Amino acid sequence: MPIRQLSETMINQIAAGEVVERPASVVKELVENALDAGAGRIEVATAGGGLNLIRVVDDGSGMPEDELALAISRHCTSKLGDDILDIRSLGFRGEALPSIGSVSKLAIRSRTRSADSGAEITVEGGRVSGVRPAPSNRGTTVEVRDLFYATPARLKFMKTERAEATAIADTVKRIAIAFPAVRFTLSGTDRSTLELSATSDQVEGRLARIAQVMGNDFPDNSIAIDAARESVRLEGHVSIPSYTRGNALQQYAYVNGRPVRDKLIASAIRGAYADVLPRDRHAVTVLFLTLDPAIVDVNVHPAKADVRFRDPGLVRGLIVGAIRQALANAGIRPATTGTQAMMGAFRPGPTSYGHPGPANGHRAYNPQIRPDFRAATSANYEPQRSPFRPLDAGFAEPAQASFDAGPLDSADTRAGQSEVVEALLRTELGAARAQVHENYIVAQTSDSLVIVDQHAAHERLVYEALKNALHARPIPSQMLLLPEIVDMPEEDAERLALHSETLARFGLGVERFGPGAVAVRETPAMLGETDVVKLVRDLADEIADSDTADTLKERLHAIAATMACHSSVRSGRRLRPEEMNALLRQMEATPGSGTCNHGRPTYIELKLADIEKLFGRR
């Protein structure tokens, strides 16, 4: 077949294959156009999962009548100057509207602030109608009907209406987080209405918008981030280690206000939480990166979902360092969800007494139980022998005896026998009162009850001490009797050589050995016998992927974690009161002690107010 020029319709449909992947892609492009127009209110309506109808209404600046025809022409935009590196808007290519119009029935109505009336233009399957007058409020209304009707083969790859509607909602929420001062409304016959009221661009307003999207639990279980390195600034909020999710869908990242799903940022978040989360759990994060547009390329993905940084190491180091520093400065905080679950477990149900009876749990009166019962008379009444006599004087408060636990092995009350120092009650974890089931320390603060898993807590303390010892000096290495020669692609060998000094600090001696090979002469002594070839190739892959050599450090940390698990206080060991209090004080002084090495919580806290609610006092 000879080379020929494709028609304009075919070109737009090819572009639509890249830009318009599904209905959520259309919503993303139209909402971004509304934001670029300075809208303060955006309304999105859908039907049939967005395949039947997508309508986006905004109150932005609008378009004059003579620019409507340009708006649906390829590579026509008002957002880009002469410098492709200086992109300060969400959209810039001028491809979205003509691409959408080539595969659907598109109608655009718009009116500027100064115009007396609006104008409208329509596109059906790439066929453009003339511009005509139309009634319109200030701003723009874009209506997309019968998406992919011009390319019916694409409809076979769509998911169910519910799935597409959910993807649209996620897209709107993801964009809305970055623009808290804009009011968003999402409605339609295929969903319940979502309204996100406008807040403000300040930190408080941004956190309020995050709560609207992610729920009120996140602000209560998050830590603020505000850090900068060179010309890059990082802001946002990240979850405490005990507040996690089963997937990474609630990790939101923004570069200059643009929502992105970037591998480098996701990798940095995983690295920052590597020591405090189990492998199958994910942190909840909302991060905003602000940097000079000239040092980030947003024109590397058709949907602009990925970006490329000029200095990826700088960005990754900033994210990892800022999150770890914030976690360390935050001290220890239990997740509020743990308290809620604990209250749910304690809250009595209708059959909490374990025997039949009325709904309140009390045994119903049965007159057959005491058939001989008669009211006592003054003649035969003996106060000292009566079962209904008042409580003995020994139970009065001034003379109350110490509680005797008796032979119970499940509780150790020695911590409660000595007078608690008032100052300990004002500490974060309070004063130890008892040890129950020879594994859990019960402590009291001035306004709460704390239960600590002694093994999990001490495991974290030992692990942190081992890590500090590892990083305080170069890690001891063991010389190999014969150097291990590892063949690999030349570019991988070069990357390892560039990171040889970093690897040497962790006890791995690597040097070039001719073209396409490296020689390993030393390995970390902690690793013992290890598969050197696999280790070196894993390091080369990681350096190629994220320009870091953390694999070796993670292996050393994994060994330290195993050592900590086996050398920490075991479950079943009885602790003296001073040992319990010492453990609590060490937890307060150790960053990350709210979770163990495996990501499980080391303690839970129940506020006095919550306890009073359980007993109906509030």
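What comes next is a walk through the structure. No experiment lies behind these values; they were computed from the predicted model shown.

On to the overall build of the protein. Helices and strands together make up the secondary structure of the protein, namely 18 helices and 26 strands. Within the protein, the proportion of its 618 residues that are buried is 44%. Contacts in the protein between residues far apart in sequence, at least 24 positions, make up 68% of those at least 6 positions apart. Total accessible area computed for the protein in this model is approximately 32700 Å², and 52% of it derives from carbon and sulfur atoms.

Right, let's talk about the packing of helix α5 (residues 161–178) against helix α6 (residues 203–214) for a bit. Helix-helix packing is described using two parameters, namely the angle between the two axes and the distance between the axes. Between α5 and α6, the shortest axis-to-axis distance is 9 Å and the interhelical angle comes to 170°. It follows from the interaxial angle that α5 and α6 lie roughly antiparallel. Here the hand of the crossing between α5 and α6 comes out left-handed. Here K173, A176 and I177 of α5 lie close against α6, whose contacting residues are R209, I210, V213 and M214.

Counted by the stated rule, this structure contains 26 salt bridges. Linking R495 and D492 is a salt bridge whose minimum nitrogen-to-oxygen distance equals 2.6 Å. Taken as a pair, R495 and D492 lie in helix α13 (residues 490–498) at a separation of three residues, close to a single helical turn. By relative accessible area, which is 27% here, R495 ends up partly exposed. Here D492 falls in the buried class, since its relative accessible area comes to 13%. Two residues, R573 and E579, come together in a salt bridge whose shortest N-O distance is 3.2 Å. Classification of E579 as partly exposed rests on a relative accessible area of 21%. Each of R573, R576, E578 and E579 takes part in one network of salt bridges that share partners.

Quick look at the packing of aromatic side chains now. Following the criterion strictly, the structure yields two aromatic pairs and no others. Measuring from centroid to centroid gives 6.5 Å for F218 and Y243, while their planes differ by 45°, and the two rings are tilted. Here the residue F218 occupies a position in helix α7 (residues 217–220), and Y243 occupies one in the loop between β11 (232–239) and β12 (244–245), the gap between them amounting to 25 residues. Residue Y243 is classed as buried on the basis of its relative accessible area of 2%. In this structure, K105 is placed above the aromatic ring of Y149, and the distance from its NZ or CZ to the ring centre is 5.2 Å. R206 extends its terminal NZ or CZ atom over the ring of F288, reaching a point 4.0 Å from the ring centre.

The subject of this paragraph is the side chain of S110. Within the fold, S110 resides in strand β3 (residues 105–111). In this structure the side chain of S110 is engaged in a polar contact, spanning 2.9 Å, whose partner is the side chain of T140. Excluding residues within four positions of it along the chain, S110 makes contact with G62, M63, L68, G118, A119, S136, G139 and T140.

With that settled, consider the pairing of strand β20 (residues 431–436). Of the strand pairs in this sheet, β20 and strand β21 (residues 440–444) are connected by five bridges, and their pairing is antiparallel. Each bridged residue has a counterpart across the sheet, and for V436 the counterpart in β21 is Y440. Counting the residues between successive antiparallel strands, the hairpin from β20 to β21 contains three residues, one of them, H437, with a positive phi of roughly 55°.

Counting residues in each nonpolar core, the largest one holds 91 residues, and the members touching the most others are I42, Y273, L289, F309, I319 and I323. Element by element, the count of residues in this core is highest for helix α9 (residues 312–329), at nine residues. Within the second largest apolar cluster, 25 residues are counted, among which are V510, V532, L535 and A540.

It is worth spelling out unusual backbone geometry at this point. Not every positive phi belongs to a glycine, and D146 is a case in point at roughly 50°. Tracing the chain through its elements places D146 in the loop between β7 (139–145) and α5. Given the relative accessible area of 29%, D146 is considered partly exposed. Residues other than glycine seldom take positive phi values, yet F148 does so here, at roughly 70°. One can find F148 in the loop between β7 and α5.

Reading the values: the criteria
Residues numbered from 1 in each chain as written. Predicted model: local features only at pLDDT ≥ 70, side-chain atom pairs only at ≥ 80, totals over all residues. Heavy atoms only, no water. Helix = DSSP H or I, 4+ residues; strand = E, 2+ residues; numbered from the N terminus. Buried < 20%, exposed > 50% of the residue type's maximum accessible area, 1.4 Å probe, protein only. Contact = heavy atoms within 4.5 Å. Areas by Shrake-Rupley, 256 points an atom, 1.4 Å probe, with all protein chains shown as cover. Axes fitted to C-alpha atoms, helices over the stretch in contact; angles between N-to-C directions. Parallel < 35°, antiparallel > 145°, perpendicular 65-115°, else oblique. Left-handed = near helix turned anticlockwise from the far one by under 90°. Salt bridge = Lys/Arg side-chain N within 4 Å of Asp/Glu carboxyl O. Phe/Tyr/Trp six-rings, centres within 6.5 Å; stacked < 30°, edge-to-face > 60°. Lys NZ or Arg CZ within 6 Å of the ring centre and 35° of its normal. Polar contact = N/O pair within 3.5 Å; in protein donor to acceptor, adjacent residues only side chain to side chain. Pairing = 2+ DSSP bridges. Core = buried A, V, L, I, M, F, W, Y, C linked by side-chain atoms within 4.5 Å.

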